[in-house]
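Breakdown of the fold
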Amino acid sequence: MIARSIGTGRVTALGTALVLLLAACGGGGASPSPAGEATPATTAPAETPAESPAAPGGAGPNVVFIPKAVNNPYFDAAAEGAQKAAGELGGQFTQIGSNNAIAAEQIPFIQDATTQGYDAIVVSATGADEVAPALRAAMEAGIKVVGYDSSPAEGAYDVFVNQTDFSLIGGAMAQWACDLAPDCSGEIAILSATATATNQNAWIADMEQALQDPQFANLTLVETVYGDDDPQKSTTQAQGLLQKYPNLKVIIAPTTVGILAAAQVVKQAGVSDSVKVTGLGLPNDMKEFVRDGTTPKFGLWSVPDLGYLAYYVAAKLVAGEITGAPGETFTVPGLNNGQPYTIGDKSVVILGPPFEFTPENIDQFNF
Amino acid sequence: MTEQVLVAEPVPAGWPRRAVAAAVRQRELTLVALIVVMGALVALQAPQLLSPSNLTQVSVIASIIGIAAVGQALVVLTRNVDLSVESTIGLVAFVVADVLAVRLLDPPLAMALGVGLGLVLGVVNGILVAGFGVPSIVATLGTLSIYRGIDFLIAGGKQVTLTDLPQGYTAAARATVLGVPLFLAIAVAIIAVFAIVLRQTSFGRQVYAVGSNPEAAAVLGIPARRIVLVVFALCGMLAGVAGVLWGIEFGTINATAATGVVLQVVAAVVVGGVNIFGGSGTVVGAGLGSLFLAFISNALILLRLSQFWLQAIYGLVILIAVAVDAVVTRRLARATSGRRAVAAGGPRR
């Protein structure tokens, strides 16, 4: 589960964020995909069902997705987007992978995929360095490699599709707190994961920075507490916040476990009218609280869009429209407000700013 | 012969017995005094401590831990320990929540299932310890992992959230009976029942006898193994009750629920004056011990002290409690030295 020895700080944070998401992936609903360990979990022939998978004669590419783990609602949501892209491009979409997010179990899937005649492999790395040799071998075999969600080591991918610009999360959270506090004023508090969580600490630092802006002058950050991404500890800490700060207006939880616990505490205490909860959460966890007004807005990234963009990037690499070199631009229908994406430093493409969930759009999401 | 091997009620002479009773009672009074004094001091700094909603919250946590501590106290009285309680609490909490989430059973039946599951897990512990003679610390260290493993097998990465549970199910955590929080009422009732059972029934005296002097208990024909089996079963059942209440209180349950809680349960028992070497102590003490610990943890939060202190303070409180216990028992042993039977709670092994 731990992202080991990843190249850059940002990517480390990213790996940790994924660990966090994986740990928090909820929703009692059983995943419909089969639990077979070594079999393709999803095979979508898309628009060209007549084509044999071994000899894809359609217009689009034959792409295989290898997430950290299959049967995970988070990756199922990404697969949904990828499938949609495959349909639009007339390509093939297959998803394979292990039940466990362990590098040693992911590597054989990459090696298998290399020999199966796929045009591109899209992978969420369980360990940036561990999976790198297998991915480099795939690239040498002429297969395009796209990282998504969690980056492989540099040089072991053609393009990495990053879910969001992490530097925007702190500012977004400050803005949500401002929107939810009456007249953008009053006491706010943060319920974080562990005190040592790299990404949460970076976001909190960004947020504190953002709060210096004059427009947030009336917001007072009273305390940051840590629920260790444990539902019970997070609950106790959120209850403590309500007791300590009777005038508290907003609890900001930049963790999927924390935001859920805080929303439950606020709702159970019957103070949803005066105390609002926001932060980063999974739409399925938060639907009820969005509807009843406890959490009128919160963020994450649109996971289906992440899969959708990753598939498009793979298709463009296969078609030779892009090579993955920094500075190249391309457009993807329906994303980025129709503006072109630019491949950035280290061949990274950023999906977009954190996505904001509201009562109006929450029902469209299922992850 | 039997006159000289008196166990639970040592020494015909009245005073050492009274001294023991006084020491035990004193521990309970000390705890009550500590809670009151600490409450007053903390309230000066953080008046919210005494707000009804905060008191309810403290009592809810103390009740859950307290119920588990009653079961643990029974086990510790027989010179054993049950380290698996937290896994029992977690497994029961998840199973009950899961069964409710898929609407397999109605809440009352699901809760009964949870208590029954706890009982079964307790019986397994009892069979290992009493039937196969595995030392309890080893047996329950094993089942601590096994029960948690079963929890992971069932739950996987899944969690049950408030939204999945039937409407109003978790409202019980804030319900009251005649102005008393429901959970507290349940805990007090359970403590009262077991206090009476331990004091008034032959089973209760046998529990003390087994823990006080197993050899003598055997000579007296007390069915020690059956007693040990029963206390483990009861401990599991009470952990099951605690697990059901845990699910109601926290709403969100995953496979890691209640991890680390055994520390609080054992601490409550030891702080409550139950002798870790068996034979002396009361369930009332165990209940007060959990109230005391819940107050400390709440006060630390309200005083805005770093929660990083919490673990250290728990440890410190346990050490102080055990040290006091050791001093008291040594004094008592000295006071009764020369007599045939050492007062309950005397040093052994």
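Counting starts from 1 at the beginning of each chain's written sequence and moves along it residue by residue. Chain letters and ligand numbers both follow the written order, the letters beginning at A and the numbers at 1. Residues qualify for local features only when their pLDDT is at least 70, as the model is predicted, and side-chain atom pairs are given and counted only at 80 or more; totals for whole chains, interfaces and linings, by contrast, use all residues.

Helix and strand assignments come from DSSP, with helices taken as H or I runs of at least 4 residues and strands as E runs of at least 2, each series counted from the N terminus. In terms of regular secondary structure, chain B is built from 12 helices and four strands. Using C-beta atoms placed from the backbone, we call a residue buried if 20 or more other C-beta atoms fall within 10 Å of its own, exposed if 12 or fewer do, and partly exposed for counts in between. Out of the 349 residues in chain B, the part that is buried amounts to 53%. The contact rule is simple: place each C-beta atom from the backbone, and if two of them lie within 7 Å, those residues are in contact. Look at the contacts in chain B between residues 6 or more apart in sequence, and 77% of them connect residues 24 or more apart.

Next up on the list: the packing of helix H3 (residues 85-101) of chain B against helix H9 (residues 224-250) of chain B. All names here are of chain B. One can describe the packing of H3 onto H9 by two numbers: an axis separation of 7 Å at closest approach and a directional angle of 50 degrees. Here H3 lies oblique to H9, going by the angle between them. The crossing of H3 and H9 is right-handed. Along its contact with H3, which presents Val85, Thr88, Ile89, Val92, Ala93, Val96 and Ala97, the element H9 presents Cys235, Gly236, Ala239, Gly240, Ala242, Gly243, Val244, Trp246 and Gly247. Ten residue types, Ala, Val, Leu, Ile, Met, Phe, Trp, Tyr, Cys and Pro, are classed as nonpolar, four, Asp, Glu, Lys and Arg, as charged, and the remainder, Gly among them, as polar. Across the contact of H3 with H9, the residue classes break down as 11 nonpolar, five polar and no charged. Structural elements are reduced to axes, namely lines fitted to C-alpha atoms, with helices fitted over the stretch in contact, and the angle between N-to-C directions of any two is expressed from 0 to 180 degrees. We call two directions roughly parallel when the angle between them is under 35 degrees, roughly antiparallel when it is over 145, roughly perpendicular when it lies between 65 and 115, and oblique otherwise. If you view the pair so one helix is near and one far, a crossing is left-handed when the near helix is turned anticlockwise from the far one by less than a right angle, and right-handed when it is turned clockwise.

Residue and element names in this part refer to chain A. Of note, aspartate 183 is a non-glycine position whose phi angle comes to about 55 degrees, a positive value. Mapped onto the elements, aspartate 183 comes out in the loop between helix H5 (167-180) and strand E7 (186-192). For serine 347, which is not a glycine, the phi torsion comes out positive at approximately 60 degrees. Within the secondary structure layout, serine 347 lies in the loop between strand E13 (341-342) and strand E14 (348-350). Accessibility expressed as a C-beta count within 10 Å gives 20 for serine 347, which makes it buried.

This paragraph deals with the pairing of strand E2 (residues 62-66) of chain A. All names here are of chain A. Most of E2 is tucked away, with five of its five residues classed as buried. Here E2 shows no split at all, with Asn62, Val64 and Ile66 on one side and Val63 and Phe65 on the other all buried. Sheet analysis places E2 next to strand E3 (residues 92-95), joined by four bridges and oriented parallel. Bridge pairing links valine 64 to threonine 94 in E3. The rule for pairing is simple: two strands pair if DSSP sees at least two bridges between them. In terms of strand pairing, E2 meets strand E4 (residues 120-123) through four bridges, oriented parallel. From the neighbouring strand, valine 64 faces E4, where its bridge partner is isoleucine 121.

So, on to the packing of H3 of chain B against helix H10 (residues 261-271) of chain B. Residues and elements named next belong to chain B. With their axes 7 Å apart at the nearest point, H3 and H10 run at an angle of 125 degrees to one another. Looking at the two axes, H3 sits oblique to H10. By crossing handedness, the relation of H3 to H10 is classed as right-handed. Between H3 and H10, the residues in contact are Val85, Glu86 and Ile89 and Val261, Val262 and Val265, respectively. A class-by-class count of the residues in the contact of H3 with H10 yields five nonpolar, no polar and one charged.

On to the interface of chain A and chain B. At the interface, 21 residues of chain A touch 25 residues of chain B. A per-class count over the side of chain A that touches chain B returns seven nonpolar, nine polar and five charged.

Further remarks concern the environment of leucine 41 of chain B. All names here are of chain B. With respect to the element layout, leucine 41 can be found in helix H1 (residues 14-45). Given 13 C-beta atoms within a 10 Å radius, leucine 41 is considered partly exposed. For the pair leucine 41 and alanine 299, spaced 258 residues apart in sequence, the C-alpha to C-alpha distance is 9.9 Å.

Grouped together as the largest cluster of nonpolar side chains are 119 residues, with contacts concentrated most on Ile121, Val146, Ile251 and Tyr311 of chain A. Among the elements that line this core, the one with the most residues is helix H10 (residues 303-319) of chain A, at 12 residues. Those residues in contact with isoleucine 121 of chain A, other than ones at most four positions away along the chain, are Val64, Ile66, Ile110, Ala113, Ala138, Ile143 and Val145 of chain A. In terms of nonpolar packing, the next biggest core, distinct from the first, is built from 109 residues, Val76, Ala139, Leu198 and Val244 of chain B among them. Nonpolar cores are identified as sets of buried Ala, Val, Leu, Ile, Met, Phe, Trp, Tyr and Cys residues joined via C-beta atoms within 7 Å.

The next point concerns helix H4 (residues 132-140) of chain A. Residues and elements named next belong to chain A. By the burial criterion, the buried members of H4 are Ala132, Ala134, Leu135 and Ala138. Burial along H4 is one-sided: seen end-on, the buried residues are contained in an arc of 165 degrees. Looking at the buried residues of H4, the elements they touch are helix H3 (103-114), E4 and strand E5 (144-148). Phi turns positive, to about 90 degrees, at glycine 142, one or two residues after H4. It is the directions from the helix axis to the C-beta atoms that the arc portrays.

With that settled, the discussion passes to the environment of phenylalanine 93 of chain A. All names here are of chain A. If you trace the backbone, phenylalanine 93 turns up in strand E3. Phenylalanine 93 gets classed as buried once you count the C-beta atoms within 10 Å, which come to 27. In sequence terms phenylalanine 93 and cysteine 184 are 91 residues apart; their C-alpha atoms lie 46 Å from each other.

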